[in-house]
Amino acid sequence: MVRQLVVVAAISFASVNAVAEPPTPRWSPTDLRELVEAIEEAPADGLDPADYDLPALNAAIASGDAMRIAPSASAHFQHLAGDRWEGHVRGKRRIDWHIVGPVADAAALAELEDAALRDHRVGTTLDALLPTSPEYHRLKLALAKTPASDRATRITLRANMERWRWVPRDPGARYLLVNVAGYTAELVDNGSIVSMHRIVIGQPAKSTPQFSTAVEGVIINPWWELPRSIVAEGVGSLLVKNPAKAKAQGYMRVKTSGGGTRVRQSPGPRNALGQMKLVMPNPYTVYLHDTPSKALFDETARAFSHGCMRVDRPFDLATALLAGTSGWDRVRIDAALASGKTIKADMATPVPIYVVYFTVRAGADGSITKYPDVYGRDAVVVAALTDRDPALPQR
């Protein structure tokens, strides 16, 4: 009986001790140090360290209370990770931006934190979330080289680094990057620009949206299906008042299956789309195409269109895009053009296209080239980066 009581007492004592042992801290000292360092380094990536309330995290760490440290560190980690991964500026403040980039939802952030703590790789995990584009790193270098006294340049660099956080981390080995603010289109292949072109963009009142899709082919000698808005602006009146002139310019009314009419312009040098158009399906009916108005490319500011992007040297671009598509070399393209017929060249492999808006570009040495903020969008991004409440444009 005494022996049984001793055994029971021993078991009870062991149970009490097992319950009383403190749990293993979720966040190790090394993990916490790397998190603090990442927050301190936020300005290098154009982010504001004040957003992450480092004093509150340091106070939790100083308390030595694991039950206080864990939730504080978790909240700080996920906040910083979300901003590095998806960007700090979200929603309507990304004006007319329709490119689907990284999405840092709650489940993904929690999973990311678990992996970082399990492997004790908090710092490297957070670093891996930043954009990998060479352009982002050049902007980061430029920001580091820009003195604090040059506030205007610094906030422009910050706004554009933020926009790179909205872009997919892997754009593809081969893609077309159209920078609306820079009036340029570049075909990139394995990190090298293989074809660069000037473009004309939408007027501020008819701005070119930012979106992504894929170029599926090239149409040579395209027809132009006129949007109703352009018909209403003048072509409809021309068809009524001067049908002979409208016909000479290639305009014609065509009956639709529903009994209505639409207006088309026949192929040819006078066609508003010029003699080449990229097949790039999108809900905005915005395309990259040739133009008969070649003189516009000599202008410095080239915001003249209704939203589409007109490109110079269109057949150089078509040749570069169709490289690798069986049978479509420059000789065949020129022959198709000379035929006057509408011919579609389907690409062997579609090429992603990103229509973006960057108002500054950096060189490998940290030098920068600024572009006019033609649509007035930088101020909204900068205000959102500093958590002010910007006045959003109405459209």
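In this text the structure is predicted, and so the values were computed from the model without any measurement.

Moving on, we get to the pairing of strand 9 (residues 276-279). On a regular strand, one side chain projects to one face of the sheet and the next to the other, so that they alternate. Burial of the side chains of strand 9 extends over both faces: Met276 and Leu278 are buried on one face and Lys277 and Val279 on the other. When strand 5 (residues 210-220) meets strand 9, the two strands line up antiparallel, connected through four bridges. Within the sheet, the bridge partner assigned to Ile219 lies in strand 9 and is Lys277.

Okay, the side chain of Arg302 next. Considering the arrangement of structural elements, one finds Arg302 in the loop between strand 10 (288-289) and strand 11 (303-305). This buried residue, Arg302, is left without a salt bridge; Asp312 holds the nearest opposite charge, at 7.5 Å. At 2.8 Å, the side chain of Arg302 and the backbone oxygen of Glu299 are in polar contact. In this structure Arg302 touches Tyr183, Arg198, Ile199, Val200, Ile201, Leu296 and Phe297, once residues within four positions along its chain are discounted.

Where helix 7 (residues 134-145) contacts helix 8 (residues 151-164), the two axes come as close as 10 Å, and the packing angle between them is 155°. Taken together, helix 7 and helix 8 sit at an angle that is classed as roughly antiparallel. Relative to helix 8, helix 7 is oriented so that their crossing is left-handed. When helix 7 is examined against helix 8, the residues Glu135, Tyr136, Leu139, Lys140, Ala142 and Leu143 are found in contact with a partner set consisting of Arg154, Leu157, Arg158, Asn160, Met161 and Trp164. Looking at the contact of helix 7 with helix 8 residue by residue, the class counts come to seven nonpolar, one polar and four charged.

For the rest of this paragraph, the subject is the confidence of the model for the chain. Predicted coordinates in regions of low pLDDT should not be interpreted in detail. Predicted confidence across the chain gives a mean pLDDT of 90, with 92% of residues reaching 70 or more. Under a pLDDT of 50 for its full length, residues 1-20 has, in the predicted model, zero contacts with residues more than four places off or in other chains.

With that out of the way, let us pick up the environment of Arg228. Residue placement: Arg228 occurs in helix 9 (residues 228-241). Through-space distance from the C-alpha of Arg228 to that of Thr319 is 32 Å; in sequence the pair is 91 residues apart.

The next point concerns unusual backbone geometry. Backbone geometry at His120 places phi at a positive 50°, although glycine is not the residue there. Structurally, His120 is set in the loop between helix 5 (106-118) and helix 6 (122-127). Here Asn221, not a glycine, exhibits a phi torsion of approximately 55°, which is positive. Inspection of the secondary structure puts Asn221 in the loop between strand 5 and strand 6 (224-225). By relative accessible area, Asn221 is classed as buried at 2%.

Across all of its chains, the model carries six aromatic pairs by this definition. Between Tyr357 and Tyr375, the aromatic rings sit 5.7 Å apart at their centres with planes inclined by 15°, giving stacked as the arrangement. One end of the pair, Tyr357, is in the loop between strand 13 (343-356) and strand 14 (360-362); the other, Tyr375, is in the loop between strand 15 (368-370) and helix 13 (378-385), with 18 residues separating them in the sequence. The exposure classification of Tyr357 matches that of Tyr375, with both residues buried. The ring of Trp223 has Arg264 lying over it, and the distance from NZ or CZ to the ring centre is 4.1 Å. A cation over an aromatic ring shows up here: Arg332 above the ring of Trp328, its NZ or CZ 3.9 Å from the ring centre.

Strand order in this open sheet of three strands is 6-8-7, and the pairing throughout is antiparallel. Looking at the sheet topology across the chains shown, the edges are occupied by strand 6 and strand 7 (251-255). With five bridges connecting them, strand 7 and strand 8 (residues 261-265) associate as antiparallel partners. Looking across to strand 8, one finds that Tyr251 is bridged to Gln265. Sheet contacts for helix 9: strand 6, strand 7 and strand 8; angle to strand 7, the most-contacted strand, approximately 95°.

The next thing to look at is helix 7. Counting along an α-helix, one turn takes 3.6 residues, and residues three or four places apart therefore face a common direction. Over its 12 residues, helix 7 runs 17 Å from end to end, which matches the ideal 16 Å to within 8%, given 1.5 Å per residue. Within the sequence span of helix 7, burial applies to Glu135, Tyr136, Leu139, Ala142 and Leu143. End-on, the buried residues of helix 7 take up no more than an arc of 120°, which puts them together on one face. Facing away from the buried surface of helix 7 by more than 90 degrees, the exposed residues are Pro134, Ala144 and Lys145. Each element contacted by the buried residues of helix 7 is listed here: helix 8, strand 14 and strand 15. Here helix 7 starts with a cap whose side-chain oxygen sits 3.1 Å from the backbone nitrogen of Glu135, and that cap is Ser133.

With respect to the secondary-structure elements, Ser293 resides in the loop between strand 10 and strand 11. The spacing of Ser293 and Gly123 is 170 residues in sequence and 53 Å in space, taken between C-alpha atoms.

Once that is clear, we can look at the side chain of His88. The residue His88 is located in the loop between helix 4 (66-86) and strand 1 (97-98) in this model. At 2.7 Å, the side chain of His88 forms a polar contact with the side chain of Asp83. Those residues in contact with His88 that sit more than four places away from it in its chain are Leu47, Asp51, Asp83, Glu162, Ala384, Leu385 and Asp387.

Turning our attention to the pattern of salt bridges. Within this structure, the stated rule accounts for 23 salt bridges. With a shortest N-O distance of 3.5 Å, Arg90 and Asp83 are connected by a salt bridge. The class for Arg90 is partly exposed, based on a relative accessible area of 35%. Here Arg84 ties to Asp127 by a salt bridge, and the two come within 3.0 Å at their closest N and O atoms. Taken together, the positions of Arg84 in helix 4 and Asp127 in helix 6 put the pair 43 residues apart, joining distant regions of the chain. Taking the relative accessible area as the measure of exposure, Asp127 reaches 44% and is therefore partly exposed. Through salt bridges with shared partners, a single network forms among Glu135, Arg138, Glu186 and Arg361.

What counts and what doesn't
- Residues numbered from 1 in each chain as written.
- Predicted model: local features only at pLDDT ≥ 70, side-chain atom pairs only at ≥ 80, totals over all residues.
- Heavy atoms only, no water.
- Buried < 20%, exposed > 50% of the residue type's maximum accessible area, 1.4 Å probe, protein only.
- Helix = DSSP H or I, 4+ residues; strand = E, 2+ residues; numbered from the N terminus.
- Pairing = 2+ DSSP bridges.
- Lys, Arg positive; Asp, Glu negative; His and termini not counted.
- Salt bridge = Lys/Arg side-chain N within 4 Å of Asp/Glu carboxyl O.
- Polar contact = N/O pair within 3.5 Å; in protein donor to acceptor, adjacent residues only side chain to side chain.
- Contact = heavy atoms within 4.5 Å.
- Axes fitted to C-alpha atoms, helices over the stretch in contact; angles between N-to-C directions.
- Parallel < 35°, antiparallel > 145°, perpendicular 65-115°, else oblique.
- Left-handed = near helix turned anticlockwise from the far one by under 90°.
- Nonpolar A, V, L, I, M, F, W, Y, C, P; charged D, E, K, R; others polar.
- pLDDT = per-residue confidence, 0-100.
- Phe/Tyr/Trp six-rings, centres within 6.5 Å; stacked < 30°, edge-to-face > 60°.
- Lys NZ or Arg CZ within 6 Å of the ring centre and 35° of its normal.
- Expected span 1.5 Å × (residues − 1).
- Arc of directions from axis to C-beta.

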